[in-house]
Amino acid sequence: MLILGISLVLILIGLYAIITKRNMIKVAVGFALMEYAVNFLFAIIGFHKVPGMKIIPPILMEVKTTANVLSSYSDPVPQALVLTSIVIGLGVTAFMLSLALRIYNRIGSFDLDEIKRLKG
Amino acid sequence: MSGMTPIVKVIARTVAGFIFVYGCYIILYGHLSPGGGFAGGAIVAAGLILSRLAFGTSAAQERSTSISSSIFESSGGILFLLVAVLGLVIFAQGAGFFFKNLFPEFGKGGTLVSAGSIPLSNIAIGIKVGAAMLSIFVVLASTKYIFKE
Amino acid sequence: MEILNALINITDKGAGFLHSIPALLIAIPLGAAFLAPILFKLWKRLAEIITGLAVTACLVLAIYLVLFLGNTPIVYTFSGGNWEFIQNLLPLGIVFVVDKLAAFMLLVVSILVFFAYLFGLKYLERFTGLGKYYTLYLLMFTGMIGLVMTGDLFNMFVFMEIAAISSYALVAFGTEPEELEAGFKYMVMGEIASIMILLSIAFIYSSTSTLNLAHLSYAFTQMQTQMASTPGFRAGFYFVLILLMFSFSLKAALVPFHSWLPDAHPSAPAPISALLSGVFIKVLGVYAMVRILYNVYGFSWESSPEVFTALIVLGLASIIAGSLLALNQKDYKRLLAYSSISQVGYIILGFGIGNLFALIGALAHILAHALGKGLLFLTSGSVVYRTGERDLGKLGGGLGKYMPWTSLTYNLGALSVAGIPPFLGFFSKMFIILGAIDLARVWDSDPSKPGWTMIAVAIIAGLFAVVTLGYLLKITNQVFWGKSEEKRTLKESPFIMVFAMVSLVVLLLAGGVAFFFWLKPELLGPAADVLLKGTKYGELVLPGLFGAGG
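Residues numbered from 1 in each chain as written. Chains lettered and ligands numbered in written order. Predicted model: local features only at pLDDT ≥ 70, side-chain atom pairs only at ≥ 80, totals over all residues. Heavy atoms only, no water.

A few words on the overall build of chain C. Check the secondary structure of chain C and you find 24 helices and 2 strands. Counting only residues that meet the buried cut, chain C has 65% of its 550 residues in that class. Summing over all exposed atoms, chain C offers an accessible surface of approximately 19,300 Å²; the carbon and sulfur share of this is 67%. (Helix = DSSP H or I, 4+ residues; strand = E, 2+ residues; numbered from the N terminus. Buried < 20%, exposed > 50% of the residue type's maximum accessible area, 1.4 Å probe, protein only. Areas by Shrake-Rupley, 256 points an atom, 1.4 Å probe, with all protein chains shown as cover.)

We now examine the overall build of chain A. A count of helical and extended segments in chain A gives 4 helices and 0 strands. The contacts of chain A with a sequence gap of at least 6 include a subset with a gap of at least 24, amounting to 50%. By element, 69% of the accessible surface of chain A is carried by carbon and sulfur atoms, the whole surface being about 6,700 Å². (Contact = heavy atoms within 4.5 Å.)

This part is about the packing of helix 12 (residues 270-296) of chain C against helix 14 (residues 332-353) of chain C. Residue and element names in this part refer to chain C. It is at 11 Å that the axes of helix 12 and helix 14 come closest, and there the two elements cross at 20 degrees. One finds that helix 12 runs roughly parallel with respect to helix 14. Every pair of crossing elements has a handedness; the one defined by helix 12 and helix 14 is right-handed. Along its contact with helix 12, which presents Ala270, Ser273, Ser277, Ile281, Lys282, Val286, Met289, Val290 and Tyr294, the element helix 14 presents Lys333, Ser340, Val344, Ile347, Ile348 and Phe351. (Axes fitted to C-alpha atoms, helices over the stretch in contact; angles between N-to-C directions. Parallel < 35°, antiparallel > 145°, perpendicular 65-115°, else oblique. Left-handed = near helix turned anticlockwise from the far one by under 90°.)

Let's shift gears to the interface of chain A and chain C. Across the boundary between the two partners, chain A contributes 37 residues, which contact 35 residues of chain C. Counting every contact that joins chain A to chain C gives 0 salt bridges. Summed over the shared surface of chain A and chain C, the number is 0 residue pairs in polar contact (both at pLDDT 80 or more). Across the side of chain A that touches chain C, the residue classes tally to 25 nonpolar, 5 polar and 7 charged. (Salt bridge = Lys/Arg side-chain N within 4 Å of Asp/Glu carboxyl O. Polar contact = N/O pair within 3.5 Å; in protein donor to acceptor, adjacent residues only side chain to side chain. Nonpolar A, V, L, I, M, F, W, Y, C, P; charged D, E, K, R; others polar.)

Attention shifts here to the packing of aromatic side chains. Residues and elements named next belong to chain C. Tallied over the full model, the rule gives 40 aromatic pairs over all chains. Ring geometry for Tyr123 against Phe127: centres 6.4 Å apart, planes inclined by 40 degrees, an arrangement best described as tilted. Taken together, the ring pairs connect Tyr117, Phe119, Tyr123, Phe127, Tyr133, Tyr134, Tyr137, Phe173 and Tyr385 into an aromatic cluster. Taking NZ or CZ as reference, Arg126 lies 5.4 Å from the ring centre of Tyr123, over its face. Against the face of Tyr346 rests Lys429, its NZ or CZ located 4.6 Å from the ring centre. (Phe/Tyr/Trp six-rings, centres within 6.5 Å; stacked < 30°, edge-to-face > 60°. Lys NZ or Arg CZ within 6 Å of the ring centre and 35° of its normal.)

Let's shift gears to unusual backbone geometry. All names here are of chain C. The backbone of Ser209 sits at a positive phi, close to 60 degrees, despite the residue not being glycine. Following the sequence through the fold, Ser209 ends up in the loop between helix 8 (177-208) and helix 9 (213-229). On the basis of relative accessible area, Ser209 is assigned to the exposed category, the value being 53%. A positive phi angle, close to 60 degrees, is found at Ala253, a residue other than glycine. Residue Ala253 is classed as buried on the basis of its relative accessible area of 0%.

All names here are of chain C. The residue Tyr294 is located in helix 12 in this model. What makes Tyr294 buried here is its relative accessible area of 4%. For the pair Tyr294 and Leu531, spaced 237 residues apart in sequence, the C-alpha to C-alpha distance is 5.9 Å. Not counting chain neighbours up to four residues away, the residues in contact with Tyr294 comprise Phe299, Phe308, Phe351, Gly354, Leu359, Leu531, Gly534 and Thr535. In terms of polar contacts, Tyr294 uses its side chain to reach the backbone carbonyl oxygen of Phe351, at 2.5 Å.

Confidence along chain A averages 80 in pLDDT terms, with 74% of residues attaining 70 or more. Here helix 3 (residues 66-72) of chain A stands out as the least confident element of chain A, with mean pLDDT 58; helix 2 (residues 24-45) of chain A is the most confident, with 90. (pLDDT = per-residue confidence, 0-100.)

Next up on the list: the environment of Phe431 of chain C. Looking at the secondary structure, you find Phe431 of chain C in helix 19 (residues 424-444). When residues no more than four places from it in sequence are discounted, the contact partners of Phe431 of chain C are Phe357, Ala358, Ile360, Gly361, Phe515, Phe516 and Lys520 of chain C.

A few words now on a nonpolar patch on the surface. On the surface, a cluster of nonpolar side chains totalling about 840 Å² of accessible area is made up of Leu28, Phe72, Leu79, Leu82, Phe106, Leu112, Val113, Leu120, Ile123 and Ile127 of chain B. Owing to a relative accessible area of 35%, Leu79 of chain B belongs among the partly exposed residues under this scheme. (Patch = residues over 30% accessible without salt bridge, like charges linked within 9 Å, V, L, I, M, F, W, Y side chains within 5 Å.)

All names here are of chain C. Confidence along chain C averages 85 in pLDDT terms, with 92% of residues attaining 70 or more. Throughout residues 7-14 the model reports pLDDT below 50, and contacts reaching past four residues in sequence, or to other chains, amount to 12 contacts. Counting contacts from residues 82-87, a segment whose pLDDT is below 50, to residues more than four positions away or on other chains yields 5 contacts.

Another aspect to go through is the packing of helix 5 (residues 100-123) of chain C against helix 12 of chain C. Residue and element names in this part refer to chain C. Contact geometry for helix 5 and helix 12: axes closest at 8 Å, N-to-C directions at 165 degrees. Looking at the two axes, helix 5 sits roughly antiparallel to helix 12. Of the two possible hands of crossing, helix 5 and helix 12 adopt the one that is left-handed. On helix 12, the residues touching Leu101, Ala102, Met105, Val108, Val109, Leu112, Val113, Ala116, Phe119, Gly120 and Tyr123 of helix 5 are Ala270, Pro271, Ala274, Leu275, Gly278, Val279, Val283, Tyr287 and Arg291. Its residues placed into classes, the contact of helix 5 with helix 12 shows 17 nonpolar, 2 polar and 1 charged.

In terms of nonpolar packing, the biggest core is built from 254 residues, with Met144, Tyr297, Tyr332 and Phe351 of chain C touching the most fellow members. Not counting residues within four places of it along the chain, the set of residues in contact with Phe351 of chain C comprises Val286, Val290, Tyr294, Phe308, Leu311, Leu359, Ala362, Leu363, Ile366 and Leu531 of chain C. (Core = buried A, V, L, I, M, F, W, Y, C linked by side-chain atoms within 4.5 Å.)

Proximity of charged atoms lets side chains of opposite charge pair with each other. Residue and element names in this part refer to chain C. Considering all chains together, one arrives at 9 salt bridges over all chains under this definition. In this structure, the salt-bridge partner of Lys122 is Glu125, at a minimum N-O distance of 3.5 Å. The exposure class assigned to Lys122 is partly exposed, which follows from its relative accessible area of 30%. The residue Arg390 makes a salt bridge to Asp331 at a minimum N-O spacing of 3.2 Å.

Now the structure itself:
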């Protein structure tokens, strides 16, 4: 529950940065924050704590029975998914920063208010 | 960019090679230990970026780097796809599928030569990620502030 | 050589070939996307050629799928490794599912991608960096195809991101300040939606421990008893549902969330505008939302009327606001973009009404609007190619004399989008309105349900078809008809561009003529049936699981 609260707060901080900040770099930082918060939540989901048992990373050292495998290892699926979404987040952040740089080259400002040319 | 102070240059010269080799290790052992193509490729790219930051580059070098890294990136992607498609194509008579293991009974479990076509995919991803990270860096770093009032 | 022989072997096996189409549909455009920048460095035309080959191959495969797909869906599992010991119980590995609905969407996507590629051959000559353009184009195509075929929730997110990130780059491709700004704005909105989808996937995985769509539909049916007993669980369920609907509405640009679309779609080059308005918002927003609401959650009017009411309200708001905003536009492509909002509203309205008539109408409108709005954006490209001008006031009128084919195809396409009888657009809107009337008839026998609201919905939908004609004829009036003051030296666009536009008109006309003979019984009917079956989708995809669970 604590984890859920922390990551929701982080998501809201990121959303606040995206909505209120007018600087494009700060918007990109807000996105990175949101992305990491969701990844954090997602990765934590995999660790289901079974009482009296140690949490082991999901690497198969020796073959065990099915029941043993399912109860003692932490779930590998969220970790794989988070790795994928980190890659996606990298692409998004890189593209957003290069777009911001391109806009700066054309207009001379990172401020979203100063480049407002589209309307309607 | 004209490079940094001699201290940085000396340390970077010593460390960059180790970082590169460590990245290759992470890529090659991806099927046995945590890591793999993406993490290893990122470390390889970090080694390359470190030496570029320390020593600086000319505009011509930047241009050639961006061309070669885009070629490496594409060929990494093609290699990865080739491993997948070979799994579909080689096993004819309907037995093959996308990403089918090419060498099912090859090597010994737990050693470097094992796990079928997973190491091949890891190497392909490592090439692609390393080149992509480098080209992202080059593009962001070589964007000069050309704006004039 | 050996590879070629093996490929022929697969082809000979018939059923085996049909089964491996999903993998080929991903592999071909993805491989071409990686090859394009390398080949572009060798010779510029090679990138165009490889893109053309990939797009044509995908179109042929999609047509093959539509013609030969049986009633059982193709289930394609990527299960490397020896996982047989739980294989029979749980779906391990990523699944592609191609049923009739997916095949229909594949056909729509690949037709429009093919003609936009043909149009772009000439149109894009003045742009630089075409190697990157073709890579992004093919990646966007891959993303849309994968999103349509996938049977896995997280894979859906990944393909959505592949398509979306390519589209952000393509919107900003012209690198004018306006285009860059539109790209940034589009990216901010699109990424908020993507992150919300990822968050809802995290919640869904934490409560069901599965991501397979078929298995999820099973898990959701099992969850009903748990939901009735614990109120907190019920709140979480609806929180995730609302999160998903919000994100997909943002991707589909339904009215409260539409602000990015009129900036983003006109800023892209014309073939990309045609793709974005024609298929992109429908695949990323509408198809994904409808697949999840109908086949995974298994909603129907009986079980959860509030979801369908929400869809109808969103659809009506989009129809009304999109049309009224379009009436006042001064920019050729911007007007068409607002029109897209309104037409997507019709599609959502059809899915919200949710009986057989309306579903057939909504699916037909996906096809009709993809072809029609794609065509209209291509004509805008043709006008821009010759005049370099998008402002309706500055175009000055009288272009019809110089560009007869562009004028003719624009007018016929506008008639189809507005819904005038011989064209496909008429039948789609008619079926949506018929669905509303049919639902009103059903509701009339039940005193607790207000049947007159559905009649009102039908009347509004019919009325705004006329408004559609109004704002589309505004372009006809101000651009193509009338006389210009000064004498101009304009020519018709090159042959390949005219060919793409005329082919789309012919397809619209053929779709209208063949609607009752072929389109409805063979294509739209089975596709609508997939949606009407609801969670039976899960039984078709994973027969073992449902057999064991009872």
